[in-house]
Amino acid sequence: GERPPRAGAVVADAAGPAVASANWALAAALPYFIAAAFSIANLPLIARLAANGNGDASVTPAAAKLYGVLSSTDSLFTFLTVTVVGVLSDTHGRRPWMALSSAGLGAALLIASLFVVPWALKAAAVLDGCTSSMFMLASAYVTDVTPAEHLGGALGKMQGGSVGIGMVVGMPLGGLVAKLYGPRAGLAVAALVCFINAGAILRFLPESLAARKGRVEWEKANPLSAAGSLMRTHSRACLAAVYAFVYFSQAGLQVNFINFLDKAFGAGPATSGLLLAMVGLLVAVVPGAMVSLLGLRQALVAALASHASALVLMSVSKSFPQVVAVMPLLAAGGASMPLSLSYLLSLFDAHEVGEGSGAGDALRCLSSIAAAYSCSRVFSRTMATDPGAVFRLCGGVSAAALALYAAALPRLAKPGVRADPTSADLGA
């Protein structure tokens, strides 16, 4: 039968008969991430054109640095605003902010497609950063309506179904549009998808929160003070550190992957898009399968080990087929992000979910800022002689996350348990 939702969830939206469920979060997030995948396939090319000038779309140190600046700028402004959105969504509901996030990405992509110059791309990154909250909001939506014991699988399904399928659909199509019509057309198509999705969210998405607090708790909206919610227990602090480390390595991969494939193997956007689509297809099923087989706690161990191993193997790949062979392992490693986040969020009370999601997203942004800035510069300096060096750095960070988690695991609270285990619980 149906599992009961978490406290604070709604059964049906007052605006209509639709029932709030994790599937609605997936339906709202999927078009957003299809558009984001379009931008992943096209924005590196736009950055090359803007940095190099004269229609030159080759991979150069200046282009790699500009793309890193755009990524870190986007993450910086997300960091400054995402906890505000999280707290507001606890009071006013998830739906309006999910629509704003989709519209904001659409506006940023439209600007980038119309004005291929560095200042306009930086302005677009600021705009997207200020509204880039879809992952946090969709995660909060799922947490609203899912029992704690099923949260890991539900969040994994949401990421797999939105980010994963978004990559499967968006990356090859985005690469194909870039090949046929140029990267500006790819961004324009993605912008249109975002605008349509924003309207659909406002019209059809049922709200996931029934009881809404009357006062906005602005004291929790400060991104630095919000991080304090991650430090209230030993278990939260350890899982937050693991999430930050693994997201650093993932962000370092994302910001350099397209340029790496082009520089090392001459792979164009269409080929890169197909490869990332394969990863997305695997990501759509891997997290839920790992939790079903191993349970959340042990599944995270396996995912972190896979992530570190995949990055190191990619860094020493000597041919494109070798990179392809690493992709299944990388997809298993990609599960470490939704698994660590779902474990972390399960340690928050129902009325703290938006705050916890915002704090987690702020932490993700800090990791992305550091990774985009530092890893793009590592790649720009080593691309001529050792383009895979940056992935060894990222693999080392994931290995550190694995070591931290494995050492802390015996003393971590179980998923859904709000307090740290006592000495008696541990058998001391």
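In this text, all values refer to a predicted model and were calculated from it rather than measured experimentally.

### Observations regarding the overall build of the protein chain
The helix and strand tally for the protein chain stands at 16 helices and zero strands. For the protein chain, buried positions account for 57% of its 428 residues. Here the contacts in the protein chain between residues at least 6 apart in sequence split such that 84% fall between residues at least 24 apart. For the protein chain, the accessible surface area stands at approximately 15900 Å², while carbon and sulfur atoms represent 67% of it.

### Examining the nonpolar core
Within the largest apolar cluster, 121 residues are counted, with the highest numbers of intra-cluster contacts made by Met98 and Tyr405. If you tally residues by element for this core, the top one is helix H9 (residues 234–265), at 16 residues. With near-sequence residues (within four places) excluded, Tyr405 lies in contact with Leu239, Val242, Arg297, Leu300, Val301, Leu304, Tyr343 and Leu412.

### Digging into the pattern of salt bridges
Pairing between side chains becomes possible if they bear opposite charge and their charged atoms approach one another. The tally for this structure, following the rule as stated, stands at four salt bridges. Between Asp262 and Arg48 there is a salt bridge, with its nearest N and O atoms 3.0 Å apart. Of this pair, Asp262 sits in helix H9 while Arg48 sits in helix H1 (residues 22–52), placing them 214 residues apart in sequence. Among the residues examined, Asp262 registers a relative accessible area of 24% and is labelled partly exposed. As a salt-bridge pair, Asp144 and Arg94 come within 2.9 Å of each other at their nearest N and O atoms. Separated by 50 residues along the polypeptide, Asp144 in helix H5 (residues 134–145) and Arg94 in the loop between helix H2 (61–92) and helix H3 (95–114) bring together distant segments of the chain.

### Thoughts on the packing of aromatic side chains
On inspection of all chains with the given rule, the structure shows six aromatic pairs. What links up through ring pairs into an aromatic cluster is the set Phe260, Phe265, Phe320 and Phe391. Here the basic side chain of Arg236 rests over the ring of Phe348, its NZ or CZ set 3.8 Å away from the ring centre.

### Observations concerning the state of the cysteines
What the rule picks out here adds up to zero disulfides. Cys375 takes part in no disulfide bond, and the closest cysteine sulfur to it belongs to Cys394, at a distance of 4.0 Å. Cys375 gets classed as buried once you look at its relative accessible area, which sits at 0%.

### Thoughts on the environment of Gln159
Inspection of the secondary structure puts Gln159 in helix H6 (residues 151–181). Its relative accessible area of 8% is what places Gln159 among the buried residues. Put simply, Gln159 and Phe135 are 24 residues apart on the chain and 8.3 Å apart in space, counted from C-alpha to C-alpha. Apart from residues no more than four positions distant in its own chain, Gln159 is found in contact with Phe135, Gly164, Val283, Gly334 and Pro338.

### Here we look at the packing of H2 against helix H4 (residues 118–131)
Orientation of H2 relative to H4, taken along the N-to-C sense of each, is 30°, at an axis distance of 7 Å. Taken together, H2 and H4 sit at an angle that is classed as roughly parallel. Our pair here, H2 against H4, has a crossing hand that is right-handed. Contact with H2, carried on its side by Leu66, Val69, Leu70, Thr73, Asp74, Phe77, Thr78 and Thr81, involves Pro118, Leu121, Lys122, Ala125, Val126, Asp128, Gly129 and Cys130 of H4 and no other residues of that element. Taken together, the residues that form the contact of H2 with H4 break down as nine nonpolar, four polar and three charged.

### As for unusual backbone geometry
In the Ramachandran plot, Asn54 falls in the positive-phi region, its phi being about 55° despite a non-glycine side chain. Along the chain, Asn54 turns up in the loop between H1 and H2. A relative accessible area of 86% means that Asn54 is categorised as exposed.

Basis of the calculations
Residues numbered from 1 in each chain as written. Predicted model: local features only at pLDDT ≥ 70, side-chain atom pairs only at ≥ 80, totals over all residues. Heavy atoms only, no water. Helix = DSSP H or I, 4+ residues; strand = E, 2+ residues; numbered from the N terminus. Buried < 20%, exposed > 50% of the residue type's maximum accessible area, 1.4 Å probe, protein only. Contact = heavy atoms within 4.5 Å. Areas by Shrake-Rupley, 256 points an atom, 1.4 Å probe, with all protein chains shown as cover. Core = buried A, V, L, I, M, F, W, Y, C linked by side-chain atoms within 4.5 Å. Salt bridge = Lys/Arg side-chain N within 4 Å of Asp/Glu carboxyl O. Phe/Tyr/Trp six-rings, centres within 6.5 Å; stacked < 30°, edge-to-face > 60°. Lys NZ or Arg CZ within 6 Å of the ring centre and 35° of its normal. Disulfide = S-S within 2.5 Å. Axes fitted to C-alpha atoms, helices over the stretch in contact; angles between N-to-C directions. Parallel < 35°, antiparallel > 145°, perpendicular 65-115°, else oblique. Left-handed = near helix turned anticlockwise from the far one by under 90°. Nonpolar A, V, L, I, M, F, W, Y, C, P; charged D, E, K, R; others polar.

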